[in-house]
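Reading the structure
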Amino acid sequence: MKIRFAVLLLTLALFVPGLTLAANEEPTIYVIKKGDTLWGLSERFIKDPRYWPNMWSKNGQITNPNLIYPGQKVQVFPDRLECEPREQGVSSSAATKQAAATAQTETMVEASAERTYSVRGNEGFLMETDYRPAGFIVTILHDRIVAGDDDIVYTDIGRVHGVKGGEKFSIYRKEGTVSHPLTNEILGAKVVPLGTLQLTDLEHNASRAIITKAYQEISPGSYLMPYRDDKRREVALKMPARELKGFIIESYSGGTIIAAGDIVYIDLGNAQGAEVGNMLYVVRDVTVDQHYVEGRIDRLPQELLGALVILETGKKTATALVVKSIDAIYKGDKIVSLTK
């Protein structure tokens, strides 16, 4: 029997990494310092920067990855992190002093850097109903149907619009109108980037231009908008200044199921206080079966599906990157700044 048990234990250890260590090894205690974030700690200690949503569900006092405090303690296991509740009645400054003193006696590890997300700038956006493009491509040299790199096109932008020769514009294609999944209100048109052009010869209300970069085929009727640099940029996380609640209204791909790495469009913009870098959680209400609860329960805890980070904001809408998906996400799912 002992031999069989030993074989079973060895088998579990092989197929469940960290099981034996997690069961037997005492955790290392890390004291949180200013600038630490849960995703940074996850990346530092267990080599998994996308671990932090699991941490939310196991630590009820944590509702936002930014809301951890200097002086708060984290138990570091080989396969997980566990936050100890913040000590009550200790001010932030006092907690910082306490952390410095504790550092002399407990195992300390260098703090992780603030988490940022790298984006290319070609994620597209929702052109809201009151927004107008700068102009259009009206035709292509030799009446061609499509254009690509270094091709000559003509636009309806001229000197009357205050532009100069050599000025650049970004090119977009309209992919249909987008309505709110709940109210059916038309929020705007989904536009995707096609490339860039540069004006070469100007007339009063028209111009000739050259395609300087093409991501996709460019055709007459394409929208022209103020130039946007498509170089890779970093988006740093920023805590929302107010509580935000909204919905996912569309995805870049237009697919049914949304997952980590996908671009989505949401119904929150500058008017609602949304800002670039804000992290929002994707949640879904759990239906109460009154047949069993007999009116004793009116609401169940929401199901946490994932998280997204805002990349660009308009007046009433924003473009966001899904950075974590615990379960399948769909158009119409709720997004909130604080989970319940």
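Small disclaimer: the values here were computed from a predicted structure and weren't measured. Within each chain, residue numbers correspond to sequence positions counted from 1 in written order. Local features in this predicted model are restricted to residues whose pLDDT is 70 or higher, and side-chain atom pairs enter the listing and the counts only when it is 80 or higher, whereas totals over whole chains, interfaces and linings include all residues. Excluding hydrogens and water, the side-chain values take into account all heavy atoms of the structure.

**Some remarks on the overall build of the protein chain**
Helix numbers and strand numbers start at the N terminus; a helix is a DSSP run of H or I with at least 4 residues, a strand a run of E with at least 2. If you tally the helices and strands in the protein chain, you get six helices and 18 strands. Accessibility here uses a 1.4 Å probe with only protein chains present; expressed as a share of the type maximum, an area under 20% marks a residue as buried, one over 50% as exposed, and anything in between as partly exposed. A total of 340 residues make up the protein chain; the buried ones form 40% of that total. It only takes one pair of heavy atoms within 4.5 Å for two residues to be counted as in contact. Here the analysis covers contacts within the protein chain between residues at least 6 apart in sequence; of these, 71% occur between residues at least 24 apart. All accessible areas in this document rest on Shrake-Rupley with a 1.4 Å probe, and a residue is counted as covered only by the protein chains that are shown. Surface summary for the protein chain: the accessible area is close to 18,400 Å², and the carbon and sulfur share equals 52%.

**A word on empty space enclosed by the protein**
Detection works on a 1 Å grid of protein atoms alone, calling trapped sets that fit a 1.4 Å probe cavities and calling open sets with protein on both sides within 12 Å along at least five of seven lines pockets, with lining residues defined by an atom within 4 Å of a point. Grid points are joined across faces, edges and corners, and a volume is the space filled by probe spheres set on the points. The full count for this structure, using the stated rule, is two cavities of 30 Å³ or more. There is about 60 Å³ of room inside the largest cavity. Forming the walls of the largest cavity are eleven residues, and the residues nearest its centre are Ser170, Tyr172, Pro193, Tyr215 and Arg228. For the lining of the largest cavity, the elements supplying multiple residues, two or more each, are strand E8 (168–179) and strand E9 (186–202). Considering only residue class, the lining of the largest cavity consists of four nonpolar, five polar and two charged. When residues are grouped by polarity, Ala, Val, Leu, Ile, Met, Phe, Trp, Tyr, Cys and Pro land in nonpolar, Asp, Glu, Lys and Arg in charged, and all others, Gly among them, in polar.

**Some remarks on the sheet that holds strand E16 (residues 303–313)**
Each pair of strands is called paired provided DSSP finds at least two bridges between the two strands. Taken in spatial order, the six strands close into a barrel running E13-E14-E17-E16-E15-E18, and their pairing is antiparallel. Here the strands of the sheet are splayed against their neighbours by 45° on average, with no regard to which way each runs. Here seven bridges tie E16 to strand E17 (residues 318–325), and the two strands are oriented antiparallel to one another. By the bridge assignment, leucine 308 is partnered in E17 with valine 322. Here the axes come from fitting lines to C-alpha atoms, over the contacting stretch only for helices, and the angles between their N-to-C directions go from 0 to 180 degrees.

**Focus on the pairing of E17**
Within E17, seven of the eight residues are buried, which leaves it mostly tucked inside the rest of the structure. In this sheet, E17 lies alongside strand E14 (residues 263–266) in antiparallel orientation, the contact comprising four bridges. Its bridge partner lying in E17, isoleucine 266 is registered against alanine 318. Two successive antiparallel strands, E16 and E17, enclose a turn made up of four residues.

**Considering the nonpolar core**
Nonpolar side chains tend to gather and get buried jointly when the protein is soluble and globular. Remark: nonpolar core denotes a set of buried residues (Ala, Val, Leu, Ile, Met, Phe, Trp, Tyr, Cys) joined through side-chain atoms within 4.5 Å. One finds Ile249, Met279, Tyr281, Val309, Leu311 and Val323 to be the most contacted residues of the largest nonpolar core, which totals 18 residues. Among the secondary structure elements, those contributing two or more residues to this core are E14, strand E15 (279–284), E16 and E17.

**Some words on unusual backbone geometry**
Positioned with a positive phi, histidine 142 is a non-glycine residue whose angle comes to about 65°. By secondary structure assignment, the location of histidine 142 is in the loop between strand E6 (135–140) and strand E7 (152–155). Not every positive phi belongs to a glycine, and aspartate 143 is a case in point at roughly 55°.

**A word on the side chain of threonine 317**
Tracing the chain through its elements places threonine 317 in the loop between E16 and E17. Classification of threonine 317 by relative accessible area gives buried; the value is 2%. Setting aside its immediate chain neighbours within four residues, threonine 317 contacts Leu126, Glu128, Leu187, Ile249, Ile266, Leu268 and Gly269.

**Concerning the confidence of the model for the protein chain**
How sure the predictor is of each residue is captured by pLDDT, a score from 0 to 100. Here the protein chain shows a mean pLDDT of 78. Residues at 70 or above account for 71%. In the model, residues 1–23 has pLDDT below 50 throughout and makes eight contacts with residues more than four positions away in sequence or in other chains. Below pLDDT 50 for its whole length, residues 96–114 participates in 36 contacts with residues either more than four positions away or in separate chains.

**Topic: the pattern of salt bridges**
A side-chain nitrogen of Lys or Arg and a carboxyl oxygen of Asp or Glu constitute a salt bridge if their distance falls within 4 Å. Scanning all chains against the criterion turns up eight salt bridges. A salt bridge links arginine 144 to aspartate 151, with the shortest nitrogen-to-oxygen separation between them at 3.0 Å. Under the relative-accessibility criterion, arginine 144 is labelled partly exposed at 39%. Among the residues examined, aspartate 151 registers a relative accessible area of 15% and is labelled buried. Note that arginine 228 and glutamate 312 form a salt bridge whose closest N and O atoms lie 2.5 Å from each other. On the criterion of sequence distance, the pair formed by arginine 228 in the loop between strand E11 (223–226) and strand E12 (233–236) and glutamate 312 in strand E16 is long-range, its members being 84 residues apart.

**Considerations on the environment of asparagine 270**
Considering the arrangement of structural elements, one finds asparagine 270 in the loop between E14 and E15. For the pair asparagine 270 and threonine 317, spaced 47 residues apart in sequence, the C-alpha separation works out to 7.8 Å. Polar contacts here mean pairs of N or O atoms no more than 3.5 Å apart (in protein, one a potential hydrogen donor and the other a potential acceptor; neighbouring residues in sequence count only if both atoms are side-chain atoms). For asparagine 270, the side chain forms a polar contact with the side chain of threonine 313, separated by 2.8 Å.

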